[in-house]
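# Descriptive structure summary
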Amino acid sequence: MPVNLKGKSFITLKDFTPEEIRHMLDLSKDLKAKKRTGSKEKALEGKNIVLLFEKSSTRTRCAFEVAAFDEGANVTFLTNSQMGKKESIEDTAKVLGRYYDGIEFRGFKQETVEILAEHSGVPVWNGLTDLYHPTQILADFLTVMEHIDKPLSKVKFVYVGDARNNMGNSLMIGAAKMGMHFVALAPKSLFPAAELVAEMREIAKETGAIIELTENIEDVKDADVIYTDVWVSMGEEDQFEERIKLLSPYQVNMEMMKKTNNVDVIFMHCLPAFHDQNTVVGREIKEKFGLESMEVTDEVFRSKHSVVFDEAENRMHTIKAIMIATL
């Protein structure tokens with residue numbers, strides 16, 4: 001059956017069937033190949049999009065802007081709107097929907113992006129909220145497809161660290177949809193919400209996915225992918241000491257990579273990563289807590305296993321696919 005996503009918002013992967021997700025991944029692959037060969041069709045020519053940002057960004061902003069420019073769209077980057085201050089989110093949505101063909105939002109509350117989608121009348125794309133980061137997941141899965149010679153449904157994907165943050169949530173949703181073996185490796189206090197786990201296990205009954213929660217490092221055995229994210233998300237900076245104590249045993253290091261018993265295992269990270277002393281935060285952590293690195297060691301980050309920059313590039317190609325598919 002043909003897939004038609006025109007006019008649909010991209011809020012969470014919960015809203016999409018496996019066939020629709022596969023369609024966007026295939027479109028991403030095609031668009032990436034065309035960019036590499038210099039073949040551009042300007043599929044978004046004449047379209048206007050607005051990027052609403054509450055949180056700072058490198059990859060999300062740049063990926064949306066370059067993807068839009070490649071395909072001929074015009075972009076407004078907006079960080080100083082009156083949304084939620086002097087004007088309600090609903091009213092802002094109705095105004096922006098009159099000006100723009102599509103709206104991207106990157107911020108804190110999932111409710112905000114949902115209200116924008118409900119009232120704008122145009123496709124709205126979730127560039128990250130505290131709950132979900134769905135554009136990142138498409139980039140991650142495209143990267144897996146490029147580096148692992150097996151179907152997604154045969155991949156064992158281990159997410160290590162804070163498994164109840166937006167990345168842990170979104171990777172579990174994507175894995176459930178695509179029939180993958182997903183392992184959340186974390187202390188119990190940082191397991192995903194029980195309601196979300198139950199919901200994903202219901203989906204897994206249809207797709208053949210396995211959703212596993214564990215505190216045992218040994219469960220990385222036979223993993224195809226080891227994935228981690230920062231231990232402290234934006235807005236939680238006051239929790240560094242607590243998280244370091246809790247998550248230090250779950251640092252991705254070469255010992256963990258070897259425990260997979262898979263010489264071809266890949267390492268992934270949505271970035272930014274605290275793997276060395278070349279950032280202000282990294283140096284502050286070293287000074288205060290004595291750590292050379294946090295969620296991943298520099299050895300792993302720079303190793304042959306690491307595909308983090310392929311993954312970062314794929315943000316652009318998959319975001320382009322999302323915009324073209326929905327516009």
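For the structure, check the block above.
Everything in this summary refers to the structure shown in the same document. (Residues numbered from 1 in each chain as written. Predicted model: local features only at pLDDT ≥ 70, side-chain atom pairs only at ≥ 80, totals over all residues. Heavy atoms only, no water.)

## Side note on the overall build of the protein
Helix and strand counts for the protein stand at 12 helices and 9 strands. Taken over the C-alpha trace, the protein has a radius of gyration of 19 Å; the compact-globule value for 327 residues is 20 Å, and the two agree within 12%. In terms of overall dimensions, the protein has a C-alpha envelope of 55 × 45 × 40 Å along the principal axes. Going through the 327 residues of the protein one by one, you find that 56% of them count as buried. Taken together, the 41 basic and 52 acidic charged side chains of the protein have centroids lying 2 Å from each other. (Helix = DSSP H or I, 4+ residues; strand = E, 2+ residues; numbered from the N terminus. Rg over C-alpha atoms; globule rule 2.2 N^0.38 Å. Buried < 20%, exposed > 50% of the residue type's maximum accessible area, 1.4 Å probe, protein only. Lys, Arg positive; Asp, Glu negative; His and termini not counted. Charge placed at Lys NZ, Arg CZ, Asp CG, Glu CD.)

## What about the sheet that holds strand β3 (residues 102–106)?
Reading across from one edge, β2-β1-β3-β4 is the order of the 4 strands in this open sheet, with parallel pairing throughout. The strands lining the two open edges of the sheet, one partner per strand, are β2 (74–78) and β4 (124–128). The sheet shows a mean angle of 20° between the axes of neighbouring strands, direction not considered. Sheet analysis places β3 next to β4, joined by 4 bridges and oriented parallel. Each residue of the ladder has a partner; that of Arg 106, found in β4, is Leu 128. (Pairing = 2+ DSSP bridges. Axes fitted to C-alpha atoms, helices over the stretch in contact; angles between N-to-C directions.)

## Details of unusual backbone geometry
Here Leu 271 and Pro 272 are connected by a cis peptide whose omega angle stands at 0°. Following the sequence through the fold, Pro 272 ends up in the loop between β9 (266–269) and α10 (280–289). Located in the positive-phi region is Leu 128, a residue other than glycine, with phi close to 145°. Mapped onto the secondary structure, Leu 128 falls in strand β4.

## Brief notes about the packing of aromatic side chains
This model, assessed by the stated rule, comprises 9 aromatic pairs. Through pairs of rings, three or more aromatic residues link up here, namely Phe 141, Phe 157, Tyr 159, Phe 182 and Tyr 227. For Lys 8, the ring lying beneath its charged end belongs to Phe 16, and the centroid distance is 4.3 Å. When the ring centre of Phe 77 is taken as origin, the NZ or CZ atom of Arg 61, which lies over that ring, is 3.5 Å away. (Phe/Tyr/Trp six-rings, centres within 6.5 Å; stacked < 30°, edge-to-face > 60°. Lys NZ or Arg CZ within 6 Å of the ring centre and 35° of its normal.)

## Some points on the environment of Arg 59
By secondary structure assignment, the location of Arg 59 is in helix α2 (residues 59–70). Taking the C-alpha atoms as reference points, Arg 59 and Glu 313, 254 residues apart in sequence, are found 8.5 Å from one another. For Arg 59, the residues in contact, after removing those within four places along its chain, are Cys 270, Leu 271, Pro 272, Ala 312 and Arg 315. For Arg 59, the side chain forms a polar contact with the main-chain oxygen of Leu 271, separated by 3.4 Å. (Contact = heavy atoms within 4.5 Å. Polar contact = N/O pair within 3.5 Å; in protein donor to acceptor, adjacent residues only side chain to side chain.)

## Some details on the pattern of salt bridges
Per the counting criterion, the structure on display carries 21 salt bridges. The salt bridge involving Lys 35 is made with Asp 70; its shortest N-O contact spans 2.6 Å. Of the two residues, Lys 35 is situated in helix α1 (residues 18–37) and Asp 70 in helix α2; the sequence distance between them amounts to 35 residues. On the basis of relative accessibility, which here comes to 25%, the residue Lys 35 falls in the partly exposed class. Assessed through its relative accessible area of 8%, Asp 70 is described here as buried. Linking Lys 320 and Glu 71 is a salt bridge whose minimum nitrogen-to-oxygen distance equals 3.7 Å. (Salt bridge = Lys/Arg side-chain N within 4 Å of Asp/Glu carboxyl O.)

Just distances and angles here, no functional claims.
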